[in-house]
Amino acid sequence: MGYIEDRDIDIAGLCETWLTDSHNATTAVIKSYGYSMIHDHRDNQKGGGTAIVFKPFYKLSVVKLSECFKTFEVTAAILRSSTVKILILIMYRTGPLSSLFNQELDKLLSDCSGKCDLIFLAGDLNIHFSSDYSCLPNQTLDIMHSYNLNKLVNEPTHCCGSSLDQIFCSSRQEIILDSVLVDGSSGLGSDHFPVLCDIKFCPSKKYFKTIEYRNLKDIDGDKFSSDLNGIIDGIDKKDSFSMQVQDLTSAASFLLDEHAPYVTKNVAVVDSAPRFDSEYRDLRKERRRAEKKKKKSPEHHRRYLDLCDEANQLSNSKKEKSTDCDSALIPLL
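Position numbers for residues start from 1 in each chain and track the written sequence from start to end. Under the rules for a predicted model, residues below a pLDDT of 70 receive no local features and side-chain atom pairs below 80 are neither given nor counted, while totals for whole chains, interfaces and linings still include all residues. Side-chain descriptors were evaluated using all non-hydrogen atoms of the structure, hydrogens and water having been removed beforehand.

A. Quick peek at the pairing of strand β1 (residues 11-15). Most of β1 is tucked away, with five of its five residues classed as buried. Burial here depends on accessible area, computed with a 1.4 Å probe over protein chains only, as a share of the maximum for the residue type. Under 20% is buried, over 50% is exposed, and the range in between is partly exposed. By the criteria applied, helices consist of DSSP H or I runs no shorter than four residues and strands consist of E runs no shorter than two, each listed in order from the N terminus. Burial along β1 is two-sided: the face carrying Ile-11, Gly-13 and Cys-15 and the face carrying Ala-12 and Leu-14 are both buried.

This is how it looks when you write it as structure tokens:
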């Protein structure tokens, strides 16, 4: 964690975590550094494991894969930006390269490509792409290219040579990936070198605020009604009307504090997409009003369809004009 913290890394992909359960001393240490973690571990077996460690203000959501793969381990998460959904896949593969791996890789990318706008795949693939002895590495590259994934690491990432640790990323206008660096002098004591890169995009960052609220649903209605009637009966009717109102208001406030005291909690506040401004919001409201009336007549239905088209066109137009960008430093360790 010192390596990640010292370089102020936003998102890190880890292979061979050697974790054996979901919550343990290692995950506690990571959280103590102010990072969050998504990981997949081997059940009842040592070694392996993949993880994504990230700063909490990035909005990452876990992707549950529909299939258990035999030839590799993978952790999947969606990173949402204001313009795109980026699927991060951290993969660990060991052993001889086989045609089954290529089949499962194709299955994984086929299943995931419909869940996102862009794919970022990285990890210890343990594939010698420069090998002249097998056609399987070229088949792997062909599969990657069929999903518009380009290989980005060309330097050796292992102490014995070869680019065993790789990054594959889609080419999109909304994302800029540069400064791919293999840190051969990291001093981490591993035979694999960290691979770092800068990704510039428009992330949806999470901020937190504290709110106060009452659990009104937990109030015992009968008990509250009985206590309230007791307060009303106890008000001195000889006082002026304004004084009676003041006494009732004060007593009712104390009663409410007793039955449903204020509680506080932290809630996440996510940046809105730049296109979601007042113009687009007002058009969406008009579209919702038209949707309620669309069954009244063919004219109402046609009006609703016209507003749907207008809202989509406005959204796409504003999306293209969005140019605000932040950057994230994403390494592979």
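B. Highlighting the sheet that holds strand β9 (residues 165-170). Here, a strand pair is defined by DSSP locating no fewer than two bridges between the strands. Strand order in the open sheet made by the six strands is β4-β5-β6-β7-β9-β8, with mixed pairing throughout. In this open sheet, the two edge strands, each paired with only one partner strand, are β4 (60-62) and β8 (149-151). Ignoring which end each strand starts from, the neighbouring axes of this sheet average 25° apart. As paired elements, β4 and strand β5 (residues 73-80) share three bridges and run antiparallel to each other. Bridge assignment links Leu-60 to a residue of β5, and that residue is Leu-79. Set on the sheet, helix α3 (residues 99-113) makes contact with β6 (85-92), β7 (118-124) and β8; between it and β6 the angle comes to about 160°. Contacts are assigned to residue pairs with any non-hydrogen atoms lying within 4.5 Å of each other. Fitted lines through C-alpha atoms give the axes, limited to the stretch in contact for helices. The angle between two N-to-C directions lies from 0 to 180 degrees. On top of the sheet, helix α4 (residues 136-146) reaches β7, β8 and β9; it is set at about 135° to β8, its chief contact.

C. Structural detail: the pattern of salt bridges. Here, a salt bridge means any side-chain nitrogen of Lys or Arg that lies within 4 Å of a carboxyl oxygen of Asp or Glu. For the structure shown, the criterion picks out six salt bridges. Within the structure, one salt-bridge network assembled from shared partners comprises Asp-8, Asp-10 and Lys-55.

D. Molecular detail of the packing of aromatic side chains. Working definition: a ring pair exists when centres of Phe, Tyr or Trp rings (six-membered ring for Trp) sit within 6.5 Å. Plane angles under 30 degrees give stacked, over 60 give edge-to-face, the rest tilted. Within the structure shown, the criterion is met by four aromatic pairs. The interplanar angle of 85° and the centroid separation of 5.8 Å between the aromatic rings of Phe-72 and Phe-101 together place this pair among those described as edge-to-face. Taken together, the residues span a long stretch of sequence, with Phe-72 in the loop between β4 and β5 and Phe-101 in helix α3 at a distance of 29 residues. Phe-101 matches Phe-72 in its accessibility class, with the two residues each being buried. Here Phe-129 and Phe-168 contribute two aromatic rings whose centre-to-centre distance is 6.0 Å and whose plane-to-plane angle is 65°, an arrangement assigned as edge-to-face. Of this pair, Phe-129 sits in the loop between β7 and α4 while Phe-168 sits in strand β9; the two residues are 39 residues apart in sequence, bridging distant segments of the chain.

E. Spatial organisation of helix α7 (residues 278-293). Look at α7: 23 Å from first C-alpha to last across 16 residues, which is about the 22 Å you get at 1.5 Å a residue. Those residues of α7 lying buried are Tyr-280, Leu-283, Arg-287 and Ala-290. Down the axis of α7, the buried side of the element spans an arc of 80°, and every buried residue falls inside it. Along α7, exposed side chains directed more than 90 degrees from the buried face belong to Arg-289 and Lys-292. Helix span, as expected, comes to 1.5 Å for every residue beyond the first. An arc is given here, and it is the one of the directions from the helix axis to the C-beta atoms.

F. Just the packing of α3 against α4, in detail. As a packed pair, α3 and α4 sit with axes 10 Å apart at the nearest point and diverge in direction by 5°. Classified by the interaxial angle, the pair formed by α3 and α4 is roughly parallel. In this structure, α3 uses Ser-99, Phe-101, Asn-102, Leu-105, Asp-106 and Leu-109 to contact α4, whose residues at the interface are Leu-136, Gln-139, Thr-140, Ile-143 and Met-144. Classes in brief: Ala, Val, Leu, Ile, Met, Phe, Trp, Tyr, Cys and Pro nonpolar; Asp, Glu, Lys and Arg charged; the others, Gly included, polar. Considering only residue class, the contact of α3 with α4 consists of six nonpolar, four polar and one charged. An angle below 35 degrees is treated as roughly parallel, one above 145 as roughly antiparallel, one from 65 to 115 as roughly perpendicular, and anything else as oblique.

G. Structural detail: the state of the cysteines. Counting rule for disulfides: a pair of cysteine sulfur atoms within 2.5 Å. Throughout the structure, instances matching the rule amount to zero disulfides. Cys-159 provides the cysteine sulfur closest to Cys-160, a residue in no disulfide bond, and the two sulfurs are 4.0 Å apart. With a relative accessible area of 68%, Cys-160 lands in the exposed category. No disulfide involves Cys-169; its sulfur sits 7.9 Å from that of Cys-197, the nearest cysteine.

H. Highlighting a positive patch on the surface. For patch detection, residues must exceed 30% relative accessible area and be free of salt bridges, and they are connected within 9 Å for like charges or within 5 Å for nonpolar side chains (Val, Leu, Ile, Met, Phe, Trp, Tyr). Computed by Shrake-Rupley with a 1.4 Å probe, the accessible areas treat only the displayed protein chains as cover when residues are assessed. In this tally Asp and Glu are treated as negative and Lys and Arg as positive; neither His nor the chain ends contributes. Lys charges are placed at NZ, Arg charges at CZ, Asp charges at CG and Glu charges at CD. Taken together, Arg-281, Lys-285, Arg-288, Arg-289, Lys-292, Lys-293 and Lys-296 make up a surface patch of like positive charges. For Lys-285, a relative accessible area of 38% corresponds to the partly exposed category.

I. Representation of the packing of helix α5 (residues 221-234) against helix α6 (residues 241-259) within the structure. Two elements in contact, α5 and α6, have axes whose closest approach is 10 Å; the angle formed by their N-to-C orientations is 155°. In terms of orientation, α5 and α6 fall into the roughly antiparallel class. Regarding α5 and α6, the two cross each other, and that crossing is right-handed. For the pair formed by α5 and α6, the contact residues are Lys-223, Phe-224, Asp-227, Leu-228, Ile-231 and Ile-232 on the first element and Leu-248, Ala-251, Ala-252, Leu-255, Leu-256 and His-259 on the second. When the residues that make up the contact of α5 with α6 are grouped by side-chain class, the tally is nine nonpolar, one polar and two charged. By convention, the crossing between two helices is left-handed when the near helix turns anticlockwise from the far helix through less than a right angle, and right-handed when the turn is clockwise.

J. Region of interest: the confidence of the model for the protein. Per-residue pLDDT for the protein has a mean of 83; in total, 87% of the residues score no lower than 70. Looking across the protein, the model is least confident in strand β14 (residues 326-332), with a mean pLDDT of 50, and most confident in strand β3 (residues 50-54), with 92. Residue-level confidence of the predictor is what pLDDT reports, using numbers from 0 through 100.

K. Unusual backbone geometry, seen in detail. The phi dihedral of Asp-8 is positive, around 50°, even though this residue is not glycine. If you check the backbone angles, Asn-126 has positive phi at about 55° while not being a glycine. Along the chain, Asn-126 falls in the loop between β7 and α4. Given a relative accessible area of 26%, Asn-126 falls into the partly exposed group.

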